[in-house]
Structures are given as C-alpha cells and as structure tokens.
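Read off the chains here:
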Amino acid sequence: MGDSSILIVGSGFGGLGLGIRLKKAGIHDFTILEQADDVGGTWRDNQYPGAACDVQSHLYSYSFERNPTWTRTFAPQREILSYLRRCADKYGVRSHIRFGTEVTSARFDERSNTWAVSTTRGLFRARVLVSATGGLCRPMYPNIEGAESFGGKAFHSARWYNACSLHGKTVGVIGTGASAIQIVPAIASQVNRLVLFQRTAPWVLPKPDYPISEKWRMLFRRIPFLGWFLRIFLYWTLELRVLAFLHFPGLMKYVTRAATDHIARSISDPGMRTKLTPDYTIGCKRILMSNEYYQALAKPNAEVVTDGIERIVADGVVTADGRHHACDAIVYATGFKTGDDGPAFEIRGLGGMSLEERWKDGAMAYLSATVPDFPNLFFLCGPNSGLSHSSMVFMLESSMSYVIDAVRTMRVRRIERVSVKADVFTRYNEDIQRRFPGTVWSSGCKSWYQTGSGKNVAIWPGFTFQYRSLTKHFRLRDYEIVAQRSEALTSACADASISP
Ligand code: NAP
C-alpha cells in the first residue's frame with residue numbers, strides 16, 4: 001500500500017476522533033469531507049431547545065482528551081459542541097477538513113484499487129474510505145397525508161428553525177423519543193398550548209443530572225486522576241446494565257418499578273398516568289431519562305393525544321377519532337433514517353455492486369466495519385455497533401483502533417486491497433443475530449433498532465469490552481487481499497487527490 005491515503009466522511013465524534021488518532025499514530029495523509037461548515041456532527045445539527053446528552057459526559061468524551069470542565073453531569077449540546085471544536089483546534093485537524101463538501105457517491109475503481117468519491121466540490125480519490133456519517137444523520141419525516149398543506153412552520157428536531165419563535169403559539173410535537181422528551185419541557189412554559197402526539201409511550205427514568213461546581217471542576221483540573229477514576233466508575237456501572245439487557249431480563253422488573261414510580265410521583269391524574277405508561281418491556285426501546293418531561297405534560301397548557309394522526313391540514317392535525325387539533329407550528333421529533341434505509345450516500349463496490357442493494361434486507365458488516373466486495377471501505381458506528389446502555393464514544397474509539405491497525409497493516413505488508421471474506425462476514429453476523437432472541441431488544445416492541453422484518457441491525461448485543469477486544473487488531477486472515485502491484489500506482493494515490 002505504501003503511501004496511500006485515507007478519506008473520512010464526516011467530522012462528528014467519529015470522523016474527528018479518527019483524524020486525531022491518525023495524527024497521533026503518525027499518519028497525516030488523510031482528508032475529512034464534511035458537508036456542513038463546522039465540525040460536530042449530530043452535536044452541531046441537533047440544536048433544539050433542551051438538547052443534552054443522556055450519557056454522563058465524563059464518559060461520553062474521548063479517552064485521550066478528558067475534559068475537567070464539564071458544567072453538568074450530563075452536558076448540554078452547546079458544551080459538547082464546544083468540546084469537539086476545541087479538540088479539532090488542539091490537534092490541528094481543521095486543516096485536513098474540506099468543509100461544505102457533501103459526498104454524493106463513492107465507487108471502487110478496480111483498476112487502481114482506489115475509491116473515487118464524488119462530492120459537491122468535485123471528485124476525490126483515496127485508497128481507503130471511512131464512512132463516519134454516524135447512525136443518526138438523516139432526519140426522518142413521517143409520511144403523513146397533507147403534511148405539505150400545513151400553513152404554519154413545520155420542522156424536524158434535528159433542523160431546529162431558530163427564526164421561528166414558539167412564544168405564545170400552539171405547538172404540536174410529533175414523537176416521544178429521546179429528542180421529544182428533551183424538547184417538550186424546554187418549550188412547555190413559553191408556548192400557549194402544547195399538543196404532544198404520542199404513538200407509543202416511552203419509558204422514562206429520573207435523570208441524575210447535577211451541576212458540577214467550580215470547586216469540583218478545579219479538582220478535576222488539578223487532580224486528573226479524579227476524572228479518570230470517575231470515568232472508570234461510570235464505565236463499569238453502565239456496563240452492568242448489559243447483564244439485565246442481555247442475560248437476566250428478569251432484573252428489568254426493578255427498573256420498571258423505578259420508572260412507574262417516576263410516573264406516579266409526577267402525574268396525579270389517573271387517566272393521564274395510564275396514557276403515559278408504556279405497554280412494552282422496558283429496555284426494548286431506548287430507556288429515556290428526564291426530570292421534567294412528566295411535569296411539563298402535567299401543566300394545564302399541555303395535552304397528550306394518543307389517537308393516531310390521520311392527516312395534517314393547513315391549520316393543524318386531524319386524528320383518527322376525527323378531532324381537529326389546531327397548531328401554529330409542528331415539530332417533527334420523529335427520529336432518523338437508519339441502516340434499514342441504506343447507506344448515507346450511494347456506495348458501489350466490486351463489479352459496481354450497490355451497498356444499498358446488498359443491505360436491502362438490513363445493514364450488516366463484519367465487526368460493524370467492513371462488507372465483502374466493498375474493499376478498503378470501513379464504517380465507524382456501522383451496523384450493530386449501537387448502544388442503549390453506555391457511551392458510543394467508547395465504541396467509536398474501538399472502531400478507530402481497528403481502522404488504524406488496518407491502514408498500518410496494509411502499509412507494512414504493501415497491500416493495495418483488503419476485502420473481508422464472505423464466510424467470515426456471514427459467520428460473524430449469524431452469531432450476532434443468534435444473540436438477540438431472549439434479550440430485551442427482542443421482547444416484542446417495534447423500535448428503530450430493527451428492520452421492518454424485525455432484524456436488529458443497530459444494537460451491539462454484548463459488553464462493550466468484548467467489542468473492544470475484537471477490534472483491537474486487524475486480522476489479515478479474515479480478509480482477501482491484493483498485494484501492491486507497482487510503485488507507480490501507489491504513488492498515484494499518495495494523497496487524497498481532487499479533480500474539480
Ligand atoms: P426516535 O427515538 O426514533 O423517536 C421517534 C419518535 O417519533 C417515536 O416516538 C415514534 O413513535 C414517533 N413517530 C415516528 N413516526 C411517527 C408518526 N407517523 N406518527 C406519530 N409518531 C411518530 O427519535 P429521536 O427521539 O430523535 O431519537 C433517536 C435516537 O437519537 C435515540 O434513540 C438516541 O440514540 C439518539 N438521541 C440521543 C440523545 C442523547 O441525549 N444522547 C438525544 C436525542 C436523541 P414510535 O415510538 O411509536 O415509533
């Protein structure tokens with residue numbers, strides 16, 4: 001492989017972190033393609049009121065860049081975005097990023113064993129392509145009859161329309177996922193009326209969210225061991241949840257009790273309590289955390305509508321019971337397109353094979369990273385790497401190690417092309433799918449973790465340290481390889497080249 005280069009798509013936690021880790025590993029010939037004009041990925045895009053992390057920030061941050069200055073146990077979005085911007089500056093990654101460059105498609109060129117990547121700013125070529133677009137970057141707008149006829153402002157939670165003040169308005173919020181439960185309390189006191197359209201009630205636990213005093217921040221700054229110790233403590237505390245999710249679902253009854261107590265403490269009206277009590281096993285969908293969600297819904301200006309949405313009209317929403325709910329604005333807190341909807345951009349591998357076609361029955365990858373017939377292509381946050389119990393940054397850092405070891409191996413062994421063996425890929429994915437029956441994720445609910453046919457393509461069904469151990473080394477024996485053919489070809493790929 002010689003001096004071949006790397007293209008990374010996306011500069012969120014994954015792409016940015018990989019850039020930093022590559023530099024730390026002495027690999028500098030990489031380019032990051034970023035469609036927006038700033039780093040941050042999901043933490044740049046999700047600027048809705050109340051946006052904050054639901055994993056403790058001392059764990060939800062890079063291991064190599066611990067942050068002693070978090071102001072809360074669960075940092076708000078703007079603090080996380082500032083942290084990512086600081087990381088980009090500190091490690092000198094910005095000069096590697098092409099902002100405003102949206103990838104439209106990528107095609108593997110078998111003649112040169114390189115990826116040709118088409119973007120809104122021309123064509124890029126590189127030996128290795130890393131998709132770090134994240135699992136949740138494409139807003140999902142539900143297909144509701146009449147949506148286009150709505151006369152007020154309507155926008156997605158991940159595309160918050162700051163120019164539209166909700167003050168004094170009647171606002172309809174569609175959805176009750178992790179985004180909605182943060183938006184609802186944040187806007188409840190400024191709107192005139194809030195109508196929450198709930199298809200499925202979520203399980204919500206109290207959030208142990210506290211401010212971190214200046215004194216503690218000073219201690220974290222002066223005694224780095226404290227931050228490290230807290231991180232380890234949080235890691236193992238959260239990791240214990242896997243025992244209940246995966247091995248002893250019976251333990252979830254204690255979590256269910258904590259969640260039902262939370263409803264009982266917050267909502268006095270029995271009818272409302274019933275409406276807000278989920279009818280599926282806790283943990284099947286993401287368990288949410290909020291101290292203000294139920295209180296906001298208990299306010300006199302809030303209504304929870306559980307009849308299905310039939311259509312949207314110019315001035316509101318009509319539900320299946322024929323009721324018309326007047327709305328001045330509609331917030332779609334309806335989630336994101338996932339692996340079930342194909343890759344984030346068109347990808348064509350050997351013989352022009354489309355990844356969308358390959359993934360038509362659900363996204364799959366070896367170690368969430370590689371797919372047969374798509375050589376030199378790696379995913380960060382790929383299929384079955386998602387977590388519902390701990391920090392995704394831990395999983396991303398594991399995938400980064402795998403990619404870096406792959407690049408090193410290719411260079412040292414002078415390999416031009418690596419493509420995961422079909423039998424290795426199949427065995428791995430059969431094993432992953434075998435682990436789901438009997439777990440909370442397969443207990444009967446419908447979640448974005450699954451395809452329409454019920455196959456779980458999102459969740460990592462294990463402890464995160466197991467994934468880390470599997471991705472520690474790139475095992476060449478799992479791959480079909482093509483050795484370097486000539487110096488001329490190699491040098492043709494020495495840099496991520498652009499033809500405008
Ligand atoms: P989500 O969890 O997929 O929730 C989407 C919501 O929209 C669900 O309640 C869904 O109902 C509802 N919905 C979709 N189509 C609908 C329709 N036609 N009519 C009525 N309701 C409809 O999306 P999200 O809340 O944006 O969260 C997505 C993921 O982002 C989370 O699981 C989490 O991983 C991540 N996230 C993380 C944080 C954080 O703090 N770290 C914050 C926000 C998001 P059903 O439940 O019935 O399908």
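Up top is the structure.
Note that the coordinates shown come from a computational prediction; the quantities given were computed from them, not determined experimentally.

Reading the values: rules and limits
- The numbers attached to residues start from 1 for each chain and follow its sequence in the written order.
- Local features are withheld for residues below a pLDDT of 70 in this predicted model, meaning they are given only at 70 or higher, and side-chain atom pairs are given and counted only at 80 or more; totals for whole chains, interfaces and linings count all residues.
- Note that water and hydrogens are dropped before the side-chain values are worked out from all heavy atoms of the structure.
- Counting from the N terminus, the helices are DSSP H or I runs at least four residues long and the strands are E runs at least two residues long.
- Note on method: radius of gyration uses C-alpha positions; expected globular size equals 2.2 Å times residues raised to 0.38.
- Relative accessibility thresholds used throughout: buried, under 20% of the residue-type maximum; exposed, over 50%; partly exposed, between the two (1.4 Å probe, protein chains only).
- We call two residues in contact whenever any of their non-hydrogen atoms come within 4.5 Å of each other.
- Computed by Shrake-Rupley with a 1.4 Å probe, the accessible areas treat only the displayed protein chains as cover when residues are assessed.
- Positive residues here are Lys and Arg, negative ones are Asp and Glu, while His and the chain termini are left out of the count.
- Every charge is mapped onto a representative atom, which is NZ of Lys, CZ of Arg, CG of Asp or CD of Glu.
- A strand pair is defined by DSSP finding two or more bridges across the two strands.
- Axis definition: a line fit to C-alpha positions, over the contact stretch in the case of helices; interaxial angles, taken between N-to-C directions, run 0 to 180 degrees.
- Each aromatic pair joins two rings of Phe, Tyr and Trp (for Trp, the six-membered one) with centres within 6.5 Å, and gets the label stacked for planes under 30 degrees apart, edge-to-face for over 60, and tilted for any other angle.
- Only Lys NZ and Arg CZ are tested; either one counts as a charge over a ring when it is within 6 Å of the ring centre and within 35 degrees of the ring normal.
- Convention used here: angles under 35 degrees read as roughly parallel, angles over 145 as roughly antiparallel, angles from 65 to 115 as roughly perpendicular, and any remaining angle as oblique.
- Lys, Arg, Asp and Glu make up the charged group, whereas Ala, Val, Leu, Ile, Met, Phe, Trp, Tyr, Cys and Pro make up the nonpolar group; the residues left over, Gly among them, are polar.
- Patch criteria: residues need more than 30% relative accessible area and no salt bridge. Like-charged residues are merged within 9 Å; nonpolar side chains of Val, Leu, Ile, Met, Phe, Trp and Tyr are merged within 5 Å.
- For salt bridges, the criterion is a side-chain nitrogen of Lys or Arg within 4 Å of an Asp or Glu carboxyl oxygen.
- Any pair of cysteine sulfurs within 2.5 Å is marked as a disulfide.
- Nearness of a residue to a molecule or strand requires only that one of the residue's heavy atoms be within 4 Å of it.
- Within 3.5 Å is the distance limit for a polar contact, defined as a pair of N or O atoms, with the added protein rule that one can donate a hydrogen and the other accept it, and that residues adjacent in sequence qualify only through two side-chain atoms.
- What makes a nonpolar core is a set of buried Ala, Val, Leu, Ile, Met, Phe, Trp, Tyr and Cys residues whose side-chain atoms join them at distances within 4.5 Å.
- Handedness of each helix crossing follows the sense of rotation of the near helix against the far helix: counterclockwise by less than a right angle gives left-handed, clockwise gives right-handed.

1. Regarding the overall build of the protein chain
Piece 1. Assigned secondary structure in the protein chain consists of 15 helices and 24 strands.
Piece 2. A compact globule built from 500 residues should have a C-alpha radius of gyration of about 23 Å, and the protein chain, at 23 Å, falls within 12% of that.
Piece 3. For the protein chain, the residues scored as buried account for 56% of the 500 residues in total.
Piece 4. Intrachain contacts of the protein chain at a sequence separation of at least 6 include 73% that bridge at least 24 residues.
Piece 5. When the accessible surface of the protein chain is split by element, carbon and sulfur atoms take 53% of a total near 21,100 Å².
Piece 6. One finds the centroid of the 60 positive side-chain charges in the protein chain at a distance of 6 Å from the centroid of its 45 negative side-chain charges.

2. Notes on the sheet that holds strand E11 (residues 193-197)
Sheet strands pair by backbone hydrogen bonding; their relative direction is either parallel or antiparallel.
Piece 1. Ordered in space as E9-E18-E10-E11-E14, the five strands form an open sheet in which the pairing is parallel. Two strands lie at the open edges of the sheet, namely strand E9 (153-156) and strand E14 (302-305), each paired on one side alone. Looking at each pair of strands side by side, their axes are set apart by 15° on average, direction ignored.

3. Regarding the packing of aromatic side chains
Piece 1. The full count for this structure, using the stated rule, is 30 aromatic pairs.
Piece 2. Ring centres of Phe155 and Trp160 lie 4.9 Å apart, and the angle between their planes is 80°; this geometry places the pair in the edge-to-face category. One exposure class covers both Phe155 and Trp160, and it is buried.
Piece 3. A centroid spacing of 6.0 Å and a plane angle of 45° characterise the contact between Phe155 and Tyr161, whose relative ring orientation is tilted.
Piece 4. Taken together, the aromatic side chains of Phe13, Trp43, Tyr60, Tyr62, Phe64, Trp70, Tyr83 and Tyr91 make up a single cluster linked through ring pairs.
Piece 5. One cation-aromatic arrangement involves Arg435 over Trp460; the distance from NZ or CZ to the ring centre is 5.2 Å.

4. Quick word on the packing of helix H5 (residues 214-222) against helix H6 (residues 224-239)
Piece 1. Two elements in contact, H5 and H6, have axes whose closest approach is 4 Å; the angle formed by their N-to-C orientations is 100°. The orientation of H5 relative to H6 falls into the category roughly perpendicular. For the pair formed by H5 and H6, the contact residues are Trp216, Leu219, Phe220, Arg221 and Arg222 on the first element and Pro224, Leu226, Gly227 and Leu230 on the second.
Piece 2. For the contact of H5 with H6, the residue count by class is six nonpolar, one polar and two charged.

5. Overview of a nonpolar patch on the surface
Piece 1. A contiguous nonpolar surface patch, about 820 Å² in accessible area, is contributed by Ile223, Phe225, Trp228, Phe229, Ile232, Phe233, Trp236 and Phe465.
Piece 2. Looking at the nonpolar patch element by element, the count peaks at six residues for H6.
Piece 3. Note on placement: Trp228 falls in helix H6.
Piece 4. Exposure remark for Trp228: the relative accessible area of 40% places this residue in the partly exposed category.

6. Observations regarding the state of the cysteines
Piece 1. As enumerated under the stated definition, the model contains one disulfide in all.
Piece 2. A sulfur-sulfur separation of 2.0 Å characterises the disulfide bridge that pairs Cys284 with Cys445. Given an S-S torsion of about -90°, the disulfide between Cys284 and Cys445 has left-handed geometry. With Cys284 in the loop between helix H9 (270-276) and strand E13 (288-289) and Cys445 in the loop between helix H13 (422-434) and helix H14 (464-470), the pair connects residues that are 161 residues apart, well separated along the chain. With respect to burial, Cys284 and Cys445 carry one shared label: buried.
Piece 3. Of all cysteine sulfurs in the structure, the one in Cys381 sits closest to Cys137, which takes part in no disulfide; the separation is 9.5 Å.

7. Describing the sheet that holds strand E7 (residues 128-131)
Piece 1. Taken together, five strands build an open sheet; the order of strands is E3-E2-E1-E7-E21 and the sheet is parallel. Strands with a single pairing partner mark the edges of an open sheet, and in this sheet they are strand E3 (97-98) and strand E21 (377-379).
Piece 2. In terms of strand pairing, strand E1 (residues 6-9) meets strand E2 (residues 30-33) through four bridges, oriented parallel. When the sheet's bridge partners are listed, Ile8 is paired in E2 with Ile32.
Piece 3. Contacting E1, E7 and E21, helix H12 (residues 392-412) runs over the sheet at an angle of about 165° to E21.

8. Regarding the site of the ligand
Piece 1. The local shell around the ligand holds 22 residues, among which Ala52, Thr176, Ser179, Thr200 and Lys285 are the closest.
Piece 2. Between the ligand and the protein, one listed contact pairs an oxygen atom with a side-chain N or O atom of Arg199 at 3.0 Å.
Piece 3. Lys285 has a polar side-chain atom sitting 2.8 Å from an oxygen atom of the ligand.
Piece 4. Burial of the ligand by the protein amounts to 83% of the accessible area it has alone, namely 910 Å².

9. Topic: the nonpolar core
The tendency in soluble globular proteins is for nonpolar side chains to be buried as a group.
Piece 1. Phe13 and Tyr62 are the most contacted members of the largest nonpolar core, which has 110 residues in total.
Piece 2. In terms of residue count, H12 provides more of this core than any other element does, twelve residues in total.
Piece 3. In terms of nonpolar packing, the next biggest core, distinct from the first, is built from 31 residues, Ala51, Val173, Ala180 and Ala188 among them.

10. Examining the pattern of salt bridges
In a structure, side chains of opposite charge can pair up when their charged atoms sit close to one another.
Piece 1. According to the stated counting rule, one finds 22 salt bridges in the structure shown.
Piece 2. Between Arg94 and Asp38 there is a salt bridge, and its shortest N-O distance comes to 3.8 Å. With Arg94 in the loop between helix H3 (77-90) and E3 and Asp38 in the loop between E2 and helix H2 (42-45), the pair connects residues that are 56 residues apart, well separated along the chain.
Piece 3. The class of Arg94 is partly exposed, set by a relative accessible area of 28%.
Piece 4. Between Arg358 and Asp373 there is a salt bridge whose closest N-O contact spans 2.6 Å. Placement of Arg358 in helix H11 (residues 355-358) and of Asp373 in the loop between H11 and E21 is noted, with a sequence separation of 15 residues between them.
Piece 5. Accessibility expressed as a relative area gives 30% for Asp373, which makes it partly exposed.
Piece 6. Overlapping salt bridges, with partners in common, bring together Asp38, Arg85, Asp89 and Arg94 in one network.

11. Brief notes about the packing of helix H1 (residues 13-24) against H12
Piece 1. At a minimum axis separation of 10 Å, H1 and H12 run at an interaxial angle of 45°. The angle between H1 and H12 places the two elements in the oblique class. Crossing hand, H1 versus H12: right-handed. Contact residues: H1 offers Phe13, Gly14, Gly17, Leu18, Arg21 and Leu22, while H12 offers Val393, Leu396, Glu397, Met400, Ser401, Val403 and Ile404.
Piece 2. Among the residues forming the contact of H1 with H12, the class breakdown is eight nonpolar, three polar and two charged.

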